[in-house]
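These are the residues of each chain, in order.
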There are 2 protein chains.
Amino acid sequence: MRQAILVTMESAPTSGRIGVDSALNQLRRRHQRITPARVAVLEVLSGGVGHMSAAEIVDLAADRTPGVHRATVYRALSTLCDLGIVTHTHIAGAGTIYHLADVHGVAHAHLQCSVCGSVIDLPAEALSPLTRTVRDSYDFTLEPQHAALIGVCTNCR
Amino acid sequence: MRQAILVTMESAPTSGRIGVDSALNQLRRRHQRITPARVAVLEVLSGGVGHMSAAEIVDLAADRTPGVHRATVYRALSTLCDLGIVTHTHIAGAGTIYHLADVHGVAHAHLQCSVCGSVIDLPAEALSPLTRTVRDSYDFTLEPQHAALIGVCTNCR
DNA sequence: CTGCTTGCAAAGTGTTTGCAGGCCC
DNA sequence: GGGCCTGCAAACACTTTGCAAGCAG
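First things first, this report covers the structure right here in the doc. (Residues numbered from 1 in each chain as written. Chains lettered and ligands numbered in written order. Predicted model: local features only at pLDDT ≥ 70, side-chain atom pairs only at ≥ 80, totals over all residues. Heavy atoms only, no water.)

Here we look at the overall build of chain A
Here is step 1: Scanning chain A from N- to C-terminus turns up 5 helices and 7 strands.
Here is step 2: Counting helices and strands in the order they occur from the N terminus, chain A gives α-α-β-α-α-β-β-β-β-α-β-β.
Here is step 3: The C-alpha radius of gyration computed for chain A amounts to 16 Å, which stays within 12% of the reference 15 Å derived for 157 residues, consistent with globular compactness.
Here is step 4: Per-residue burial for chain A yields a buried fraction of 47% across its 157 residues.
Here is step 5: Restricting the contact set of chain A to residue pairs at least 6 apart, pairs at least 24 apart contribute 58%. (Helix = DSSP H or I, 4+ residues; strand = E, 2+ residues; numbered from the N terminus. Rg over C-alpha atoms; globule rule 2.2 N^0.38 Å. Buried < 20%, exposed > 50% of the residue type's maximum accessible area, 1.4 Å probe, protein only. Contact = heavy atoms within 4.5 Å.)

Regarding the interface of chain B and chain A
Here is step 1: At the junction of the two partners, chain B supplies 36 residues and chain A supplies 35 residues.
Here is step 2: Across the interface of chain B and chain A, roughly 2,800 Å² is buried in total on both sides, 66% from carbon and sulfur atoms.
Here is step 3: Per-residue buried area on chain B facing chain A is highest for Tyr138, Phe140 and Ile150 of chain B; these three make up 22% of the total on that side.
Here is step 4: Viewed at the interface, chain A and chain B are joined by 2 salt bridges.
Here is step 5: For Asp139 of chain A, the salt bridge goes to Arg157 of chain B, with nearest N and O atoms at 2.7 Å. (Buried area = accessible area lost by both parts, 1.4 Å probe. Salt bridge = Lys/Arg side-chain N within 4 Å of Asp/Glu carboxyl O.)

What to know about the packing of helix H4 (residues 54-64) of chain B against helix H5 (residues 70-82) of chain B
Residue and element names in this part refer to chain B.
Here is step 1: Between H4 and H5, whose axes approach to 9 Å, the crossing angle comes to 115 degrees. Relative to H5, the crossing made by H4 is right-handed. Across the interface between the two elements, Ala54, Ile57, Val58 and Ala61 of H4 pack against Arg70, Val73, Tyr74 and Leu77 of H5.
Here is step 2: In terms of residue class, the contact of H4 with H5 is built from 7 nonpolar, no polar and 1 charged. (Axes fitted to C-alpha atoms, helices over the stretch in contact; angles between N-to-C directions. Left-handed = near helix turned anticlockwise from the far one by under 90°. Nonpolar A, V, L, I, M, F, W, Y, C, P; charged D, E, K, R; others polar.)

Description of the relation of the copies chain B and chain A
Taken together, a rotation about one axis and a shift along it account for how the two chain copies relate.
Here is step 1: Screw-axis analysis of chain B against chain A gives a translation of 0.0 Å along the axis, an RMSD of 0.2 Å, and a rotation angle of 179 degrees. The transformation just described matches what one would write down for a two-fold rotation axis.
Here is step 2: Interface overlap between copies is the fraction of interface residues in one copy that are interface residues in the other; for chain B against chain A it reaches 92%, indicating a shared surface. (Least-squares fit on C-alpha atoms with pLDDT ≥ 70 in both.)

Concerning the pattern of salt bridges
Residue and element names in this part refer to chain A.
Here is step 1: By the definition in use, this model includes 10 salt bridges over all chains.
Here is step 2: Across the salt bridge formed by Arg17 and Asp121, the nearest N and O atoms sit 3.1 Å from each other. You can see Arg17 sitting in the segment before helix H1 (20-29) and its partner Asp121 sitting in strand E5 (residues 119-123), a full 104 residues away along the chain.
Here is step 3: Looking at Arg17, the relative accessible area reads 11%, which means it is buried.
Here is step 4: As a salt-bridge pair, Arg135 and Asp136 come within 3.2 Å of each other at their nearest N and O atoms.
Here is step 5: The class of Arg135 is partly exposed, set by a relative accessible area of 45%.
Here is step 6: Here the salt bridges share partners, and the residues they tie into one network are Arg17, Asp102 and Asp121.

Okay, here's the thing in structure tokens:
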């Protein structure tokens with residue numbers, strides 16, 4: 001019943017996401033240091049299709065820049081998320097996935113299948129009615145891309 | 001003292017959720033055993049207001065039925081969830097919360113504040129437009145109460 | 001050179017599992 | 001009394017932290 005495997009069903013490459021150059025520029029602009037570890041993380045995120053788990057990023061980063069430590073990757077991801085350069089999404093029962101931030105105006109949310117664990121991208125605008133309702137009725141500002149919506153996908157039904 | 005609080009709360013309006021008796025009956029009907037540990041978990045869930053973390057349930061269950069072990073509470077919760085007697089919701093970065101299942105027709109989802117961590121109940125019907133969209137466009141069956149929606153609450157903004 | 005970042009190891013969380021014994025039905 | 005449930009301890013997955021050394025700016 002526990003879903004540990006993370007399968008990504010995303011076919012489209014990283015369209016709509018910022019690039020490594022843009023990310024590095026933002027770092028410079030914010031007076032943050034450009035370090036090998038951070039570059040590695042950004043390039044890994046840029047290179048992969050879709051979302052990646054922390055474990056995947058750790059492996060691939062250490063792959064391309066040997067010596068990069070797990071803890072460093074976590075710290076880099078944390079920093080990059082704080083700066084808005086990277087976005088993270090909480091996945092039920094399987095930690096967190098990361099990707100480069102969306103370019104302005106094309107934010108997206110995630111659907112997660114509770115059976116097979118696959119994650120599907122969803123335009124954030126699909127949530128706008130809900131966002132409005134929640135804002136009006138509860139004075140609550142929804143962050144639609146921050147947690148995956150759970151359900152069952154076509155294949156698993 | 002904690003016991004007194006529990007008893008007091010037990011008479012409080014746990015509106016919309018099934019009761020302990022109903023839960024026990026369902027267990028019997030499904031030929032599942034009624035054990036002290038399971039009764040303790042159900043009464044704790046029934047007594048508390050709103051959602052409880054696994055850790056809270058463990059503490060309170062051990063409180064009212066000394067000797068109940070952590071692992072047993074987890075197993076009881078797992079069983080009860082499988083039977084649909086208890087519902088669980090994944091909370092970003094903080095594990096899982098549990099409560100007695102909703103009585104038919106009054107399902108609810110959850111809003112979680114990413115700043116203070118508080119969890120707010122939300123009628124599931126607020127998600128029906130989204131549920132429809134996702135069903136029509138992605139052939140994806142949403143389970144709105146399975147994961148909390150994240151955002152920022154009034155107080156934290 | 002200053003102090004933010006890193007590598008390392010170890011500690012934290014939250015949850016699960018193997019096993020022998022216990023108790024519900 | 002058979003077999004599901006339990007207590008225990010240990011394992012598990014994921015993430016964080018204290019510290020001394022290292023490197024970016």
